[in-house]
Amino acid sequence: MMHEVVVVDIGGTHARFAIARIGDDGAIALDEPDTLHTADHASFQTAWQHFRELRGGTLPPAVSMAIAGPVGSPGNLNPVIRFTNNPWIIRPALINEKLEVERFTLVNDFAAVAHAVARADDSQFLHLAGPDTPLGSEGTISVLGPGTGLGVAHLWRSGSQYRVQATEGGHIDFAPLDSIEDTILARLRSRHNRVSVERVVSGPAIVDIYEALAAMEGRSVPELDAITIWGLGTSGEDSLAAAAVDRFCLSLGSAAGDLALAQGGFAGVVIAGGLGYRIRDTLLTSGFAARFKGKGRFESLMANIPVKLIVHPQPGLFGAAAAFASEHA
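Residues numbered from 1 in each chain as written. Predicted model: local features only at pLDDT ≥ 70, side-chain atom pairs only at ≥ 80, totals over all residues. Heavy atoms only, no water.

S.K.: I keep staring at the pairing of strand β14 (residues 161–166) and nothing clicks. Help me out?
M.R.: Put simply, side chains in a regular strand alternate between the two faces of the sheet. By the bridge criterion, six bridges tie strand β13 (residues 150–158) to β14 in an arrangement that is antiparallel. The partner of Arg157 across the bridge, within β14, is Tyr162. (Pairing = 2+ DSSP bridges. Helix = DSSP H or I, 4+ residues; strand = E, 2+ residues; numbered from the N terminus.)

S.K.: Can you walk me through the nonpolar core in this structure?
M.R.: It is characteristic of soluble globular proteins that their nonpolar side chains tend to be buried jointly. Core analysis: the biggest nonpolar cluster contains 46 residues, and Leu144, Ile206 and Phe248 have the highest contact counts within it. If you tally residues by element for this core, the top one is helix α7 (residues 239–263), at 11 residues. Once you skip the residues sitting within four places of it in the chain, Leu144 turns out to touch Phe110, Leu150, Gly151, Val152, Leu252, Ala256, Leu259, Val269, Val270, Ile271 and Ala272. Counting residues in each nonpolar core, the second largest holds 37 residues, with Ala62, Val113, Ala114 and Val117 among its members. (Core = buried A, V, L, I, M, F, W, Y, C linked by side-chain atoms within 4.5 Å. Buried < 20%, exposed > 50% of the residue type's maximum accessible area, 1.4 Å probe, protein only. Contact = heavy atoms within 4.5 Å.)

S.K.: Would you explain a nonpolar patch on the surface in this entry?
M.R.: There is a patch of nonpolar side chains on the surface, built from Leu261, Phe266, Phe298 and Leu301 and spanning about 320 Å² of accessible area. Tracing the sequence through the fold places Leu261 in helix α7. Residue Leu261 is classed as partly exposed on the basis of its relative accessible area of 32%. (Patch = residues over 30% accessible without salt bridge, like charges linked within 9 Å, V, L, I, M, F, W, Y side chains within 5 Å. Areas by Shrake-Rupley, 256 points an atom, 1.4 Å probe, with all protein chains shown as cover. Salt bridge = Lys/Arg side-chain N within 4 Å of Asp/Glu carboxyl O.)

S.K.: Looking at this model, I keep getting lost on the pairing of strand β2 (residues 14–23). Mind explaining?
M.R.: Burial analysis of β2 places seven of its 10 residues in the buried class, the great majority of the element. The pairing of strand β1 (residues 2–10) with β2 spans nine bridges and is classified as antiparallel. Considered in β2, the bridge of Val8 is made with Phe17. Linking β1 back to β2 in an antiparallel pair, the connection comprises three residues. Where β2 meets strand β4 (residues 34–37), four bridges bridge the pair, whose relative direction is antiparallel. Bridge assignment links Ala15 to a residue of β4, and that residue is Leu36. The turn linking β2 back onto strand β3 (residues 28–30) is made up of four residues, and Gly26 within it adopts a positive phi angle of 90 degrees.

S.K.: Quick question: what am I supposed to make of unusual backbone geometry here?
M.R.: The general pattern is negative phi for most residues beyond glycine and trans for most peptide bonds. One non-glycine residue, Glu100, lies in the positive phi region at around 60 degrees. With respect to the helices, strands and loops of the structure, Glu100 is situated in the loop between α2 (95–99) and β10 (103–108).

S.K.: How should I be thinking about helix α12 (residues 315–328) in this particular structure?
M.R.: The α-helix winds at 3.6 residues per turn, so residues separated by three or four positions along the chain end up facing the same way. Compared with the 20 Å implied by 1.5 Å per residue over 14 residues, the 20 Å span of α12 between its first and last C-alpha is a close match. Burial runs high along α12: 11 of the 14 residues are buried. Every buried residue of α12 is listed here: Pro315, Gly316, Leu317, Phe318, Gly319, Ala320, Ala321, Ala322, Ala323, Phe324 and Ala325. (Expected span 1.5 Å × (residues − 1).)

S.K.: Hey, could you run me through the pattern of salt bridges in this one?
M.R.: Side chains that differ in sign of charge can pair as their charged atoms come close. Considering all chains together, one arrives at 14 salt bridges under this definition. Across the pair Asp178 and Arg247 runs a salt bridge, and its minimum N-O distance is 2.8 Å. Residue Asp178 is located in the loop between β14 and α4 (179–189), and its partner Arg247 is located in helix α7; the two are separated by 69 residues in the primary sequence. Under the relative-accessibility criterion, Asp178 is labelled partly exposed at 25%. Among the salt bridges present, the one from Arg191 reaches Asp208, with a minimum N-O distance of 2.6 Å. Separated by 17 residues along the polypeptide, Arg191 in the loop between α4 and α5 (206–216) and Asp208 in helix α5 bring together distant segments of the chain. Among the residues examined, Arg191 registers a relative accessible area of 45% and is labelled partly exposed. Taking relative accessible area as the criterion, Asp208 reaches 14% and is therefore assigned buried. Within this structure, Asp178, Glu181, Arg247 and Arg291 form a network of salt bridges that share partners.

S.K.: Help me understand the sheet that holds strand β16 (residues 307–310), please; the structure alone is not making it clear to me.
M.R.: Backbone-to-backbone hydrogen bonds pair the strands of a sheet. The strands run either parallel or antiparallel. Across the sheet, which stays open at both edges, the six strands sit in the order β11-β16-β15-β12-β13-β14 with mixed pairing between neighbours. On the outer flanks of this sheet lie β11 (125–129) and β14, each paired with one strand and no other. Going from strand to strand, the sheet's axes swing by 25 degrees on average, the running direction of each strand aside. Sheet topology places strand β15 (residues 268–271) next to β16; three bridges connect them, and they run parallel. Within β16, the position partnered with Val270 by the bridge is Lys308. Across the sheet, helix α3 (residues 109–119) lies against β11, β12 (138–146), β13, β14, β15 and β16, angled at about 40 degrees from β13, the strand it touches most. Seen against the sheet, α7 touches β12, β13 and β15 and runs at an angle of roughly 150 degrees to β12. (Axes fitted to C-alpha atoms, helices over the stretch in contact; angles between N-to-C directions.)

S.K.: Would you mind going over the packing of α5 against helix α6 (residues 226–235) with me for this structure?
M.R.: Axes are the key here: two packed helices are described by the angle between their axes and the distance separating the axes. Orientation of α5 relative to α6, taken along the N-to-C sense of each, is 65 degrees, at an axis distance of 9 Å. In terms of orientation, α5 and α6 fall into the roughly perpendicular class. Viewed along their axes, α5 and α6 form a crossing whose handedness is left-handed. Of the residues in α6, those touching α5 at Ile206, Val207 and Tyr210 are Ala226, Ile229 and Trp230. (Parallel < 35°, antiparallel > 145°, perpendicular 65-115°, else oblique. Left-handed = near helix turned anticlockwise from the far one by under 90°.)

Below, the structure written as C-alpha cells:
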C-alpha cells in the first residue's frame, strides 16, 4: 500500500512542493517538484493554495514540511514558528484547519537533509575529502550546507537505526585563520554586533568576501550581486571573483571541520544544498580539504573522516518524506 503526503522544503528564497509516495516497506518516491519564490507569496498558506491550484485543486490529507528555522520537537513544537531568512510564520495548532490535512510533520530543513543522508544509498554521494569510503554505519555524521544561510544538523546511526538532531550551528562565531579573514571579519563587524559563521559561509556572503578583497587591494569595483560574482568566480572570468570563491571554499572547509569536532562527526561529514552542488568541481580543486583537516593536534583524526557531497536532486523533500514516515510509521 502506498501513502501519499505533500512534502515541502521551505528556505529563505524558495519553497519547493512535491507529492511523496511512501510504501509500507518505507520506500519513498517523489514526483516532479514545483518551486515557488517565497517573496511572491504573503504567507505559507497562500503558497500552499497556489500549489493546490497547480495540482488541480486537491491534495493528499497529509503534509511534511522542512523549515529553515527552529521548530521544536515532534512532541513539543514551537507555538509560533518563524523562518530564519524569510518573513513567513507557521502556527502548528492551525495546520490541520488551514491546510485541510489530517496529519502533519514539521522538521528543521537541515534535520530533513540529515534524514535524507540516513536514507540515501552510496550512489547519491560524491567524494570530496578524506578516505574514499562510504559514510560510517555506526556513529555520528555531521551535515551542513551553505545556501541563503548555513544549515547544520547531525545524525547518529547504528546499523539501520538512526536519530536526527537539528541544530543552529550556522550561528556559531566566525573564526578567522589568517590576515585576509581578519579583514573580512573587520568589514562584517562594522555592520553587525556579532559575526556568525554564516555571514561568511553562505551564498550571499560572497558579496562581502569579494568587496573585502577589493578593498584590500585598493580597487574600486562595481556593485555586483551574489549570483554574478559566483558566475564570474567559478568560470574564472574575473580573477578577484575567483579569489573570493576560493576564500569561500577555505572558510567552508574550516567550518565543516569545526562542526565535525564539536559534534563528534567522525563517521562522516556531508555537504548539502544547491550551492555546494553547483561549486562541486571548484571545491575539489580548492583548499577545502586542507582547511577541513587542518586542526592542529587532531589533523590525523580529521584526515580519516570521509567528506561527501549529497547529490540527490531534492534532499530536503526526500528527507521531509523520511521524517514523516519516521514519525507516523
